[in-house]
Amino acid sequence: MAVVRVPILDGDDELSLATQAKAITAAGGRSDRIAWDITAHGVIADGRTETAAVQAAVDAAPAGARVLFPATPIGIDAPIVLRPGRLYESAGGTIRAANGSNMAGTAGVEGGITGMLVSQSWAQNATTCDNPMIVRGFRLDGNATNNPSAKAAGIVMCNFWSEIDDLRVTGVYDGIVLTDVTADGTIISNSASENRIKQPKIYTTIRHGVHQICRNNASNQDGFLTGALISDTGGDGIHLTRAAGWQIDSPHLYGIGGTAIELQKTFGTRVRDPYIEEFGLAGQPGVYYAGLRVSQLDGYGTTISGGAISSTEAGAGAFYHYLSVNAGFGQSQAAVTATGAIARGAGAGTGLVLQDSGGGGSVTVRAAALLIDGMATRSFVAGSCVLSEPA
């Protein structure tokens, strides 16, 4: 593996820090400049709660550093704030929320969410998002059993051009949160976009697995989610409030309480080979659950290719839609292509649903090679929506 020399930058120059982050990535996480081991800077890492020591060690790491977390466990009782322009890498030790810590954010702000790891911009209520950072190899345990009122996600990120890689999260409120809303409810003015989430394992969450929040109508677009393993969620597996430009590849979801994949405001979005074994386990009467649901904007269409969706349709009186395509409000030229997917139901659901969201909306779905069986209704097309499918 090649070693590159990464410049140490102390300023806030956006381009320089972005270049620095990409250089660290290109080096596979290696830099011959600075390896900043937090156990050499005051952290004991024997499982005891030492939030202050961890935060002090992280704060002391200079820009460009590879901040190393140990293979031994660490306890925390408050969020650890991550500064941009650094690579944070764990050797595999679990960071665990201390019993009774019940970490929570500001009541009324995005459900009171906080995180075990959080971006500096989020914690400091900045008006713009942070520069890039890389978070790799962390194991996070929110210890939900012993923190019943906690609202801590595994990580809350408010950055652009950043990367989360090989993250394992359990016992949390949300697994991973990408947001443009800070701790006190400030909505950032720029675009926290083009982030990458690679190979996460997220299981046993109170709410969603991956949760993206966009309130300024421009943030957290054009992202990448690759190889996600998500299970046993109380809410949705993947929940993106603005999925424009996202590329979602080969997610595997099972034991999902809500909708498996919820993608709002899709535009040029790509979903490839989703494997959804179970959704809608919450089974609340009158609630509509979907395996994959998209809400499409006019303009560049969304492509859904391959994959398999199944459910036991666990809730009596609940509604199960396997592939649901909606036109966004007022969108009259929304278009989606769906090819090569398999949907197998338990006898009461609907395989393919097309509908508008009001305002005179309409969506056209071009479908091919869809295998849909075990449904009460194969397809339902509402209003002026159009389903184009070979005979």
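Described in the following lines is the structure provided in the data block. (Residues numbered from 1 in each chain as written. Predicted model: local features only at pLDDT ≥ 70, side-chain atom pairs only at ≥ 80, totals over all residues. Heavy atoms only, no water.)

Observations concerning the pattern of salt bridges
Definition in use: Salt bridge criterion: a side-chain nitrogen from Lys or Arg within 4 Å of a carboxyl oxygen from Asp or Glu. Strands are runs of DSSP state E lasting at least two residues, helices are runs of H or I lasting at least four, and both sets are numbered from the N terminus onward. Partly exposed residues are those whose accessible area sits between 20% and 50% of the maximum for their type, while under 20% is buried and over 50% is exposed, using a 1.4 Å probe and protein chains only.
Within this structure, the stated rule accounts for 13 salt bridges. R272 serves as the salt-bridge partner of D249, at 2.9 Å between the closest nitrogen and oxygen. Placement of the pair is D249 in strand β20 (residues 247-249) and R272 in strand β23 (residues 270-272), with a sequence separation of 23 residues. In this structure D249 comes out as partly exposed when scored by relative accessible area, which is 21%. One continuous salt-bridge network, built from bridges that share partners, spans R136, E163, D165 and K198.

Comments concerning the pairing of strand β12 (residues 168-172)
The line we're drawing: Only strands joined by at least two bridges in the DSSP assignment are considered to pair.
Extensive coverage of β12 is indicated by the burial of four of its five residues. Pairing analysis gives three bridges linking strand β9 (residues 139-141) to β12, with the strands arranged parallel. Bridged to R139 within β12 is R168.

Notes on the packing of aromatic side chains
The test is simple: A pair of Phe, Tyr and Trp rings is counted when the ring centres sit within 6.5 Å of each other, with Trp represented by its six-membered ring. The angle between the planes then sorts it: under 30 degrees is stacked, over 60 is edge-to-face, the rest tilted. Working rule: Lys NZ or Arg CZ, within 6 Å of ring centre, within 35 degrees of ring normal, means a charge sits over the ring.
One pass over the structure, following the stated rule, counts seven aromatic pairs. A ring pair is formed by F267 and Y300, whose centres lie 5.4 Å apart and whose planes are at 70 degrees; its orientation type is edge-to-face. Of the two residues, F267 is situated in the loop between β22 (261-266) and β23 and Y300 in the loop between β25 (288-296) and β26 (302-305); the sequence distance between them amounts to 33 residues. The structure contains a cluster of three or more aromatic residues connected by ring pairs, namely F279, Y289, Y320 and Y322. One cation-aromatic arrangement involves R196 over F224; the distance from NZ or CZ to the ring centre is 4.1 Å.

Remarks on the state of the cysteines
As a reminder, the rule being used: Cysteine sulfurs are considered disulfide-paired once they come within 2.5 Å of each other.
By the definition in use, this model includes zero disulfides. Free cysteine: C129, not disulfide-bonded; nearest cysteine sulfur from C158 at 5.5 Å. Judged by its relative accessible area of 9%, C129 falls in the buried class. We note that C214 lacks a disulfide partner, and the nearest cysteine sulfur, in C158, lies 11 Å from it. The buried category is assigned to C214, whose relative accessible area is 10%.

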